[in-house]
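Here's the letter readout for the chains.
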Amino acid sequence: AKGDGVTQCHTAFANALEDLPSGGTLFIPSGTYIIEDSLLIDNSGIDIRGSGRKTYLRFTNSGNGLYTNNSKGIDDVSIRNLNITTSNPNANAAIYIDLSDDGGTGWLLSGVRIYSSGDGKWQYGMWFKAVMCSSMRDCFFDLDSGSTACILFDTTSNVWDCSGLLIGGGNTSDYGVDIKASGISITNSTLQGREDVATVRFQHSSGGGSCGVCGSR
């Protein structure tokens, strides 16, 4: 893949992810990588790692960015140290992890920065389904007005430990964090949703477990 901001890189990334074995690392050097379709995460135990704020994945498609197929469980995946943007005004989620058939545990999101670019807009920053016992560290979100949520913990995405989050302010999205699961802990974070709606919305109604926001503002 060539991170020159021009070359289309979907095929190179898709092949690399498909061939990445458990325990393997996909390292993405500094650069802007144009990706014209969603990228499937289909293996457990892998590490997707950029070089920090100088690594950009810029999606141009109208669907998701990084995503999973819900037909099997996937565990122990880390996504770290990269920026994920979109130039498409109808993009869904930058990271969409749906493991609703068999579930998944041990995911780590760290140093991930998600925002829109130009006329592009993510509807969601991260959306999790049936992802449990996982963690999020030092992630940044700044979505455009009209986006639904920076983070959505959907039903059964229980027991997450989150800290150091920065949700961009102003009209970033309808909700900073939308929680339909239980056992979600958010600490030492700055959470700012739209001024006229709640920054964090709790919708968990199935009983068993609780959620907390502590040391955050």
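Everything below is about the structure printed above this text.
Below: a short report on this structure. For clarity, every value in this text was computed on a predicted model and none was experimentally measured.

Focus on the packing of aromatic side chains
Per the counting criterion, the structure on display carries seven aromatic pairs. Their ring planes at 45° and their centres at 4.5 Å tell us that tyrosine 124 and tryptophan 127 sit as a pair that is tilted. The residues tyrosine 124 and tryptophan 127 share a single accessibility class, namely buried. For the ring pair phenylalanine 128 and phenylalanine 153, a centre distance of 5.8 Å and an interplane angle of 20° mean the geometry is stacked. Of this pair, phenylalanine 128 sits in strand β12 (residues 122-129) while phenylalanine 153 is found in strand β16 (residues 149-153), placing the two residues 25 residues apart along the sequence. We classify phenylalanine 153 as buried; its relative accessible area is 1%.

Focus on the pattern of salt bridges
For the structure on display, the rule yields four salt bridges. Across the salt bridge formed by lysine 72 and aspartate 42, the nearest N and O atoms sit 3.6 Å from each other. With lysine 72 in the loop between β7 (66-67) and β8 (78-86) and aspartate 42 in the loop between β4 (39-40) and β5 (47-50), the pair connects residues that are 30 residues apart, well separated along the chain. Its salt-bridge partner being aspartate 47, residue arginine 80 comes within 2.6 Å of it at the nearest N-O pair. In this pair, arginine 80 is assigned in strand β8 and aspartate 47 in strand β5, connecting sequence segments 33 residues apart. You can call arginine 80 partly exposed: its relative accessible area is 25%. The class for aspartate 47 is buried, based on a relative accessible area of 9%. Put simply, Asp47, Arg49 and Arg80 are held in one network by salt bridges that share partners.

Digging into the sheet that holds strand β19 (residues 175-179)
Taking strand neighbours across the sheet as the criterion, the seven strands line up as β4-β7-β9-β12-β16-β19-β22 in an open arrangement whose pairing is parallel. The open sheet has two edge strands with one neighbour each: β4 and β22 (200-202). Alignment of β16 against β19, held across four bridges, turns out to be parallel. Bridge assignment links phenylalanine 153 to a residue of β19, and that residue is isoleucine 179.

Section: the nonpolar core
Grouped together as the largest cluster of nonpolar side chains are 51 residues, with contacts concentrated most on Ile79, Met136 and Phe153. What isoleucine 79 contacts, discounting residues up to four positions off in sequence, is Ile41, Ile48, Leu66, Ile95, Trp107, Leu108, Leu109, Ser110 and Val112. Counting seven residues, the second largest nonpolar core, distinct from the first, contains Tyr96, Tyr124, Ala149 and Leu152.

Cut-offs used in this document
- Residues numbered from 1 in each chain as written.
- Predicted model: local features only at pLDDT ≥ 70, side-chain atom pairs only at ≥ 80, totals over all residues.
- Heavy atoms only, no water.
- Phe/Tyr/Trp six-rings, centres within 6.5 Å; stacked < 30°, edge-to-face > 60°.
- Buried < 20%, exposed > 50% of the residue type's maximum accessible area, 1.4 Å probe, protein only.
- Helix = DSSP H or I, 4+ residues; strand = E, 2+ residues; numbered from the N terminus.
- Salt bridge = Lys/Arg side-chain N within 4 Å of Asp/Glu carboxyl O.
- Pairing = 2+ DSSP bridges.
- Core = buried A, V, L, I, M, F, W, Y, C linked by side-chain atoms within 4.5 Å.
- Contact = heavy atoms within 4.5 Å.

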